[in-house]
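This is what each chain is made of:
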Amino acid sequence: MAYPYTHERETRVISRGFGEPEARTLDGWKALGGYQGLKKALEMGRAEVIDVVKASGLRGRGGAGFPTGVKWSFMPQEKQGPHYLLCNADESEPGTFKDRELMRWTPHQVIEGCLIAAYAIQAEHVYIYCRGEFFETNQVIARAVEEAYEAGLAGEDILGSGVTIDVTVHQGAGAYICGEETALMESVEGRRGLPRVKPPFPAAVGVFGKPSTINNVETLCAVPHIVVHGGEWYRQWGTDESPGTKLFCVSGHVRRKGNFELPMGFPLEDLLYDVCGGFEKGRKLKAVIPGGSSVPFMTAEDCKDCSLSYEGVVEKGSMLGCASVMVMDDRTNIVKQVRRTVDFFAHESCGQCTPCREGTTWLSRILLRIERGKGTEEDLDTLVDLGRQMTGTTICVLSDSAAAPVISSIEKFRDDYLALIRRGEAVGTA
Amino acid sequence: MGDNGHDSDTVTLTIDGLEVTVPKGTTILQAAEALGNRIPHYCYHPGLSAPAQCRLCLVEVEGAPKLAPSCVTDAQDGQVVHTESESAKGMRQGVLEFYLANHPLDCPICDQSGECKLQDYVFEEGRKHGRSREPKRVFGRDDFGGDVLFYGDRCVMCTRCVRFMDEMAQDPRLTVVERGNRSIIDTFFEEGVEGSPYSGNIVDICPVGALVSKDFLHKARAWDLDHTPSICPNCSQGCNIDLHTRDNLVQRLKPRPNLDVNEYWMCDYGRHRYEWMNRGDRIEVPLVRRDDGHEATDWPGVLEPLLESLREGKGPVRAVASPFVSNEALAALASLVEALGGGEIVFRSARADTEIPLPGFPKLTRRHDLVPNRRGAEILGMTRVGSDDGSSGLDELADHRGTLLVLGDELADLGPDFGARASLYLYLGSHPTPAATAADFVLPITTHAEEEGTFTNYEGRVQRFWPALQGPGAARPAWLPLSLLAARMEGTRSPSRVDEAFLRAGELAPEFRGLAYESIGTRGALVNEPAVLPEG
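Since this is a predicted model, take the numbers as computed values, not measurements. (Residues numbered from 1 in each chain as written. Chains lettered and ligands numbered in written order. Predicted model: local features only at pLDDT ≥ 70, side-chain atom pairs only at ≥ 80, totals over all residues. Heavy atoms only, no water.)

Draft legend 1. Fine view of the domain arrangement of chain A. Residues and elements named next belong to chain A. The domains assigned to chain A are domain 1 (21–234), domain 2 (245–329) and domain 3 (334–423). Contacts between the two partners involve 16 residues from domain 1 and, on the opposite side, 18 residues from domain 2. Regarding the contact of domain 1 and domain 2, the summed buried area is about 1,300 Å², with carbon and sulfur atoms giving 55% of it. Summed over the shared surface of domain 1 and domain 2, the number is 1 salt bridge. One salt bridge in this structure joins Glu218 and Lys246, with 2.7 Å as the shortest N-O distance. The interface formed by domain 1 and domain 2 holds 9 residue pairs in polar contact (both at pLDDT 80 or more) in total. Take the side of domain 1 that touches domain 2: its biggest share by element is 3 residues, from helix H5 (residues 98–105). Looking at the side of domain 1 that touches domain 2 residue by residue, the class counts come to 4 nonpolar, 6 polar and 6 charged. (Domains from an automatic or database assignment. Contact = heavy atoms within 4.5 Å. Buried area = accessible area lost by both parts, 1.4 Å probe. Salt bridge = Lys/Arg side-chain N within 4 Å of Asp/Glu carboxyl O. Polar contact = N/O pair within 3.5 Å; in protein donor to acceptor, adjacent residues only side chain to side chain. Helix = DSSP H or I, 4+ residues; strand = E, 2+ residues; numbered from the N terminus. Nonpolar A, V, L, I, M, F, W, Y, C, P; charged D, E, K, R; others polar.)

Here it is as structure tokens:
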């Protein structure tokens, strides 16, 4: 048992270096088989790299789950000016802490993934957009980039292949919205992080107005392994629609919280009761948010026979998102939990679109009133209606994200709300 | 392509059941506008970039997964768009409710009330009753410098003002600070937009009462104002404007769109110089000189003796005109001088050292010439005299011993001796002036705000203006008595309408030939290139 806790049912592919201090250094990482993927990719050629990633079925780990190889193939084949690769390391979704660990423990894995992806899409420059609050992580990744340059793994003529790829670590300034791909591009360009209207999509007009691809840290970390071992190898884990392994960030009322790398399709109940060791004595499951704070709630009932894959969670009425599993036991005051989540979105809304700017604050104020026992039953209808008005009407999906927990909690935990409204009593205390 | 009647440069789509063909690259919002369907919007402005953030112009496009922002979505061939469908209308109602969640609803004391897009849209499509029971966010008021006052609570965050300063004025003085519901328009420095020469436009483009004019603050209600199309008289650019009037006073000037001249804008210099149109000291009746000074009379009482004097012939004719009068009046003056045997006509005009272009549309520039009709006067053969402040240059005229005609120039730098030696001194003006003391006849004329007519701007564009104010007493447009006198001298028919009076300009100068009021319309028309003059 090393890194805070590891479980025998884990399949550690990308988290292999967690807890190994030497994995952080270039030599240590090479000793673990590092940079073999880059070497192989440079020998394979671009088209083949994209084909391998396509064959692996790797899907974007940032939340949307878009097939990575397909995304890469959207980039123009005929180059007419620079291409850019953006590595989205602005991990700020409440409940998510996987990218931070990947960068802290295996910075070279991230860099190797970036270089392979950049090579595949013919990008000459990689921006690693790292969340501003990750001070240590920023230093670690910046030092690793330096090491890579010194070893000739980045910069001009990588490994004697004639390929030039520069890597820049860009430190964010603390805005959640900059994790949205187009807001991130605005931020890289030095402007306010405001999401852009799509279309045009980044593959046509991205950062600095040039074709760009943006991938999550975890996605890029899986790439070197896929290149080394092949697409079929990756498909040995997971389901047909969701191949491979995935880091699950578990937080909340379970005995063992943390990052666990599991094959896709792993049963949710096994994660909760086996890997995470279940609940404290006398407590039982009340709700799970399976994919970070912006996805709908799941009740204990929903958790039964739930397969942790993109399609499995959708079947149960929620989304896998970035697989940040927030677990709540029967002590939880759901109304307070939802209010705090909405407060977060109200604070982080960029303020461009009206439904989001006004809606998030309005939701949070109604919820606060209900929480204080001053709500009415009409408020619940208003909340749901406002939530619907905020869904699908804005430039980015922050507005939808704020509305989803409100709508789903009223649907699934209406009694908790009614207890506060009718009797002024909260269900749960935590 | 060609066989179905339209080529590949256009697309045909259906909006609310009506088919429309527009050039490729036209947005759905513009295509709908071509059908007369104005889709509600705040952040879109035809003169600025579109950030698609107000979310009010969302429309249903068949086959699209979500509602599309019509201001940035290009019209596609075969597209079927619904702006009045259940989902589009429901969404608009929802967005409008969000706008009102923190709006102070202070319409009774808001200057924008009556011309406010929030009022209009909510009245048309909003919910009957708001559902918000929460306390409202309060920002308060801020002085943005210059003529601009900011009421943060009324703001709908469309950012038109920020984009105008960035893109058109290219003088970024405003920005959005903070995030989410706390975001607000703010100035970078304490002076705000002070001294930025086009900043008044941000008040015009603000769709609500967030940015208001200090000059107009609480002066009039929008619904009490009459709007009359006119031309800004404060420089030779000839910006198309509307005169907003109430109680026979001009309350403010607003730009009127004309893509060939001023797009949607006007400068602060022109905007804030309208008070002179409201001057109360006016010449209201014709005056005839008697031994003990001027005696008031009526038009027949002045025209008959005046005509008699003119017929007698009082020596060589000299005239001075003002470039603030219309082409029609200048042409009538030129006709009269011609009928009297010809003579030199001069004019004086103020001239600024610098021009002030609008960087985002440099064709719009506050020109050197601070008068509206210098070009018209020059085309009609008049000569500029005097200095750049619009004074002096009339020493010879002051002592002229023949017939002396003055049209419109107030002669503010001259005293009661002016024209005392003239055998006949006719003064046509709007305002009493000491320099008219010696005049044998004084005729009251209207200002351009009180009459119909045309100016010729710096590039030779003839543009029409319309009467916004009632002229005082017996004052008449100057072209009317002048053409009457000229016609009577020559025994011809005098024009009785202003469009006929304009045709007289075409008879005098080839540049005006062929132009007529119908063809000038509301957009203006360029004069002909000066015809090649015949030899000799």
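Draft legend 2. Summary view of helix H4 (residues 160–168) of chain B. All names here are of chain B. Of all 9 residues that make up H4, 7 are buried, and the element is covered over most of its length. Arg160, Cys161, Val162, Arg163, Phe164, Met165 and Met168 are the residues of H4 that are buried. Here the buried face of H4 lies against strand S8 (174–177), strand S9 (184–187), helix H5 (201–205) and strand S10 (211–213). Just downstream of H4, Gln170 is the residue with a positive phi angle, here 45°. (Buried < 20%, exposed > 50% of the residue type's maximum accessible area, 1.4 Å probe, protein only.)

Draft legend 3. How the structure looks around helix H6 (residues 107–120) of chain A. Residues and elements named next belong to chain A. The end-to-end C-alpha distance of H6, which contains 14 residues, comes to 20 Å, matching closely the 20 Å that a straight helix rising 1.5 Å per residue would cover. Taken across its 14 residues, H6 has 14 buried, putting it largely inside the fold. Where H6 terminates, the next one or two residues include Gln122, which has phi positive at roughly 60°. (Expected span 1.5 Å × (residues − 1).)

Draft legend 4. Region of the structure containing the pairing of strand S3 (residues 58–61) of chain B. Residue and element names in this part refer to chain B. As judged from the 2 bridges shared by S3 and strand S4 (residues 68–69), these two strands associate in the antiparallel manner. Paired with Val59 across the strands is Ala68, a residue of S4. Two strands pair when backbone bridges link them, and S3 and strand S5 (residues 80–82) are joined in this way by 2 bridges, in the antiparallel orientation. Across the sheet, Val61 pairs through a bridge with Val81, a residue of S5. (Pairing = 2+ DSSP bridges.)

Draft legend 5. Structural context of the domain arrangement of chain B. In terms of domains, chain B is made up of domain 1 (10–84) and domain 2 (287–526). Using only C-alpha atoms to locate each centre, domain 1 of chain B and domain 2 of chain B end up separated by 50 Å.

Draft legend 6. Structural context of the interface of chain A and chain B. At the junction of the two partners, chain A supplies 33 residues and chain B supplies 34 residues. With both sides pooled, the region where chain A packs onto chain B buries about 2,800 Å², and carbon together with sulfur makes up 50% of that total. Taken together, chain A and chain B are joined by 5 salt bridges. A salt bridge links Glu358 of chain A to Arg137 of chain B; the shortest N-O distance between them is 3.9 Å. Seen at the junction of chain A and chain B, the total is 17 residue pairs in polar contact (both at pLDDT 80 or more). Within the residue set of the side of chain A that touches chain B, elements represented by two or more residues are helix H14 (334–348), helix H15 (354–371) and helix H16 (377–389) of chain A. With 10 residues, the top contributor of residues to the side of chain A that touches chain B is H15 of chain A.

Draft legend 7. Examining the sheet that holds strand S11 (residues 226–231) of chain B more closely. Residues and elements named next belong to chain B. In space, the 3 strands of this open sheet follow the order S11-S12-S13, with antiparallel pairing throughout. The sheet terminates laterally at S11 and strand S13 (249–255), the two strands that pair on one side only. In this sheet, adjacent strand axes meet at a mean angle of 30° when their direction is disregarded. Sheet analysis places S11 next to strand S12 (residues 240–246), joined by 6 bridges and oriented antiparallel. Looking at the pairing, Ile231 lines up with Asn240 of S12. (Axes fitted to C-alpha atoms, helices over the stretch in contact; angles between N-to-C directions.)

Draft legend 8. Structural context of the sheet that holds strand S7 (residues 148–151) of chain B. Residues and elements named next belong to chain B. Read across the open sheet, the 3 strands follow the order S6-S7-S10; overall the sheet is antiparallel. Edge positions in the sheet fall to strand S6 (141–143) and S10, since each of these pairs with one other strand and no more. The average angle at which neighbouring strand axes cross in this sheet is 30°, direction not considered. When S7 meets S10, the two strands line up antiparallel, connected through 3 bridges. If you follow Val148 over to S10, its bridge partner there is Ser213.

Draft legend 9. Summary view of the packing of aromatic side chains. All told, the structure shown has 23 aromatic pairs over all chains when counted by the stated rule. Measuring from ring centre to ring centre gives 5.9 Å for Phe502 of chain B and Phe512 of chain B, while their planes differ by 70°; the resulting arrangement is edge-to-face. Of this pair, Phe502 of chain B sits in helix H12 (residues 498–508) while Phe512 of chain B sits in the loop between H12 and helix H13 (517–520), and the two are 10 residues apart along the sequence. Residue Phe502 of chain B is classed as buried on the basis of its relative accessible area, which comes to 1%. Directly above the aromatic system of Trp105 of chain A lies the positively charged group of Arg24 of chain A, at a separation of 5.2 Å from the ring centroid. (Phe/Tyr/Trp six-rings, centres within 6.5 Å; stacked < 30°, edge-to-face > 60°. Lys NZ or Arg CZ within 6 Å of the ring centre and 35° of its normal.)

Draft legend 10. A look at the pattern of salt bridges. What the rule picks out here adds up to 71 salt bridges over all chains. A salt bridge links Glu410 of chain B to Arg279 of chain B, with the shortest nitrogen-to-oxygen separation between them at 3.1 Å. Of this pair, Glu410 of chain B sits in the loop between strand S21 (403–407) and strand S22 (424–429) while Arg279 of chain B sits in the loop between helix H6 (268–271) and strand S14 (287–290); the two residues are 131 residues apart in sequence, bridging distant segments of the chain. With relative accessibility at 28%, the residue Arg279 of chain B sits in the partly exposed group. Arg351 of chain B serves as the salt-bridge partner of Asp369 of chain B, at 3.6 Å between the closest nitrogen and oxygen. One end of the pair, Asp369 of chain B, is in the loop between strand S19 (365–366) and helix H9 (374–379); the other, Arg351 of chain B, is in the loop between strand S17 (343–347) and strand S18 (356–357), with 18 residues separating them in the sequence. A residue is classified by how much of its surface remains accessible, and Asp369 of chain B, at 10% relative accessible area, is buried. Overlapping salt bridges, with partners in common, bring together Arg24, Arg100, Glu101, Arg104 and Glu136 of chain A in one network.

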